[in-house]
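Results of the structural survey
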Amino acid sequence: MLSDLFSALDCMQAGNFSFLMWALPVMMASLFTISSSWSQSYKKVILTLISINSETRQKALPGFPLMLFTLMSFLLAMNFMGLIPFVYGPTSNIWVSASLAMVFWSLLIFSGWTSFPKESAAHFAPAGAPSGFIPFLVVIETVSIFIRPLTLSIRIIANISAGHIIMALIATSLTACTLFTLGPIIMVHIGYNMFEIFVCSVQAYVFSLLVKLYGEEHPTFH
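Residues numbered from 1 in each chain as written. Predicted model: local features only at pLDDT ≥ 70, side-chain atom pairs only at ≥ 80, totals over all residues. Heavy atoms only, no water.

**Digging into the overall build of the protein**
Note the threshold: Secondary structure elements follow DSSP: runs of H or I no shorter than four residues count as helices, runs of E no shorter than two count as strands, and numbering proceeds from the N terminus. Between buried and exposed lies partly exposed: a residue is buried under 20% and exposed over 50% of the maximum accessible area for its type, with that area taken using a 1.4 Å probe on protein chains only. Every residue pair with non-hydrogen atoms within 4.5 Å of one another is taken to be in contact. Working definition of accessibility: Shrake-Rupley area with a 1.4 Å probe, residue cover restricted to the visible protein chains.
Within the protein one finds 11 helices and 0 strands. Beginning at the N terminus, the succession of helices and strands in the protein can be written as α-α-α-α-α-α-α-α-α-α-α. Among the 222 residues that make up the protein, the fraction classed as buried is 37%. Counted over contacts in the protein with a minimum sequence separation of 6, partners at least 24 positions apart contribute 78%. As presented, the protein carries roughly 12,800 Å² of accessible surface, and 75% of it is formed by carbon and sulfur atoms.

Below is the structure:
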């Protein structure tokens with residue numbers, strides 16, 4: 001069952017030869033992305049993403065806002081690339097997404113433990129916690145830290161891959177539809193492509209936002 005579902009991606013290649021399969025959605029997506037409302041929303045999202053409230057955290061992680069901006073722009077480009085006909089979406093590949101998650105997670109962990117080892121160790125046992133609960137808190141915090149790369153990568157892979165599979169199924173329907181059902185399927189296809197633009201944008205923002213939240217737990221100067 002699962003192999004039959006993913007084999008629908010092969011059928012998408014046949015659907016790509018249809019002008020109706022990709023030309024109309026690309027035109028609608030282009031009009032949407034160049035609109036002023038999209039530009040204003042993108043600016044607000046970027047300003048929210050790169051804002052660092054603590055001045056001491058800015059000193060501990062110089063260049064972190066610029067890295068977040070670059071990361072989100074890169075993920076947006078990679079996600080949108082998967083919507084282009086005959087182009088494979090890199091972020092739907094587990095090796096690409098897992099590598100990005102591991103790199104940013106490990107850099108934050110390495111920076112915290114090398115620059116502030118005492119503060120990083122103290123993070124496992126919050127102040128005021130009962131002594132009997134400290135071993136359990138250490139285990140829970142350790143597990144939560146080590147599963148972060150998994151949650152980062154699986155979230156974006158699942159959402160992007162699911163969207164591509166549904167688009168492939170719609171492409172298969174377009175290649176086999178009749179003249180009576182052509183209009184409704186095209187409308188569904190255009191609407192779902194617009195929805196996929198929203199999903200690609202949200203997933204790029206969520207990935208970058210989680211990296212920002214992990215960075216906010218980075219120890220700072222006293």
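**Some details on the UniProt feature "transmembrane region" (unreviewed entry) in the protein**
For the record, the criterion: UniProt positions are given in the numbering used here, feature names are shortened, and annotations may be inferred rather than shown by experiment.
UniProt tags residues 20-39, 60-88, 94-116, 128-150, 156-182 and 194-215 as "transmembrane region" (unreviewed entry). Annotated as residues 156-182, this span is 93% helix and 0% strand, and its ends, taken at the C-alpha atoms, are 32 Å apart. In residues 194-215, the share of helix is 100% and the share of strand is 0%. The end C-alpha atoms are 32 Å apart.

**Quick look at the layout of surface pockets**
Operational definition: A 1.4 Å probe that fits into a set of points on a 1 Å grid over the protein atoms alone but cannot get out defines a cavity; an open set with protein on both sides within 12 Å along at least five of seven lines defines a pocket, and lining residues are those with an atom within 4 Å of a point. Grid points are joined across faces, edges and corners, and a volume is the space filled by probe spheres set on the points. Under the scheme applied here, ten amino acids are nonpolar (Ala, Val, Leu, Ile, Met, Phe, Trp, Tyr, Cys and Pro), four are charged (Asp, Glu, Lys and Arg), and all others, including Gly, are polar.
Quantified by volume, the second largest pocket comes out at close to 370 Å³. Lining the second largest pocket are 19 residues; nearest its centre among them are Ile109, Trp113, His123, Ile145 and Glu217. Contributions of two or more residues to the lining of the second largest pocket are made by α7 (94-115), α8 (117-122), α9 (134-146) and α11 (179-216). Residues of the lining of the second largest pocket, tallied by class, amount to 9 nonpolar, 6 polar and 4 charged.

**A word on α7**
It helps to recall that an α-helix has 3.6 residues per turn; residues three or four apart then point in one direction. Rules: Expected helix span is taken as 1.5 Å per residue step, with the number of steps being one fewer than the number of residues. The definition of a polar contact used here is a pair of N or O atoms within 3.5 Å, where within protein one atom must be able to donate a hydrogen and the other to accept one, and adjacent residues in sequence count solely through side-chain atom pairs.
An ideal rise of 1.5 Å per residue puts 32 Å on 22 residues; α7 measures up with 31 Å between its terminal C-alpha atoms. Against α6 (64-81), α8, α9, α10 (148-176) and α11 lie the buried residues of α7. Among the residues of α7, the N-terminal cap falls to Asn93, whose side-chain oxygen and the backbone nitrogen of Trp95 are separated by 2.7 Å.

**Observations concerning the packing of α7 against α10**
Which entries qualify depends on this criterion: Lines fitted to C-alpha atoms define the axes here, with helix axes fitted over just the stretch in contact, and angles between the N-to-C directions of these axes take values from 0 to 180 degrees. When the near helix sits turned anticlockwise from the far one by under a right angle, the crossing is termed left-handed; a clockwise turn instead gives a right-handed crossing.
At a minimum axis distance of 8 Å, the contact between α7 and α10 shows a crossing angle of 145°. In this structure, α7 crosses over α10, and the sense of that crossing is right-handed. Facing α7, whose interface residues are Ile94, Ser97, Ala98, Ala101, Met102 and Trp105, α10 presents Arg148, Pro149, Leu152, Ser153, Ile156 and Ile157. Residues belonging to the contact of α7 with α10 are distributed by class as follows: 9 nonpolar, 2 polar and 1 charged.

**Structural notes on the packing of aromatic side chains**
For any pair of aromatic rings, the description rests on two quantities: the centre-to-centre distance and the angle between the ring planes. Using the following cut-off: Pairs were defined over the aromatic rings of Phe, Tyr and Trp, the Trp ring being its six-membered one, requiring ring centres within 6.5 Å. Orientation was assigned from the angle between planes: stacked under 30 degrees, edge-to-face over 60, tilted for the rest.
Considering all chains together, one arrives at 3 aromatic pairs under this definition. Here the aromatic rings of Tyr192 and Phe195 are separated by 5.8 Å at their centres, their planes lie at 45°, and the arrangement is tilted. Linking Tyr192 with Phe195, this pair stays in helix α11, spanning 3 residues, or about one helical turn. Taking the relative accessible area as the measure of exposure, Phe195 reaches 45% and is therefore partly exposed. Here the aromatic rings of Phe195 and Phe198 are separated by 6.5 Å at their centres, their planes lie at 35°, and the arrangement is tilted. Here the residue Phe195 and the residue Phe198 both occupy positions in helix α11, the gap between them amounting to 3 residues, near one helical turn.

**As for the environment of Thr151**
As for its placement among the helices and strands, Thr151 is situated in helix α10. The spatial distance from the C-alpha of Thr151 to the C-alpha of Ala101 is 8.8 Å, given a sequence separation of 50 residues.

**Quick look at the nonpolar core**
This is how it is decided: Among buried residues, those of type Ala, Val, Leu, Ile, Met, Phe, Trp, Tyr and Cys that are joined through side-chain atoms within 4.5 Å constitute a nonpolar core.
Of all hydrophobic cores here, the largest spans 31 residues; its most connected members are Leu71, Met72, Leu75, Leu152, Ile156, Phe207 and Val211. Every element with two or more residues in this core is listed here: α4 (36-50), α6, α7, α10 and α11. It is α11 that contributes the most residues to this core, 11 residues altogether. In contact with Val211, other than residues within four places in its own chain, are Phe64, Met67, Leu68, Leu71, Phe104, Leu108 and Leu152.

**Looking at a nonpolar patch on the surface**
Basically, it comes down to this: Candidate patch residues must exceed 30% relative accessible area and have no salt bridge, after which like charges are joined if within 9 Å and Val, Leu, Ile, Met, Phe, Trp or Tyr side chains if within 5 Å. Put simply, a salt bridge is a Lys or Arg side-chain nitrogen that is within 4 Å of an Asp or Glu carboxyl oxygen.
A surface patch of nonpolar side chains, about 430 Å² in accessible area, is lined by Val139, Val143, Ile147, Leu150 and Ile154. Elements that contribute at least two residues to the nonpolar patch include exactly α9 and α10.

**Some details on the environment of Gln203**
In this structure, Gln203 sits in helix α11. On the basis of relative accessible area, Gln203 is assigned to the buried category, the value being 9%. Spatially, the C-alpha atom of Gln203 lies 9.3 Å from that of Met72, the residues being 131 residues apart in sequence. Setting aside residues no more than four positions away along its own chain, Gln203 makes contact with Asn79, Arg155, Ile156 and Asn159.

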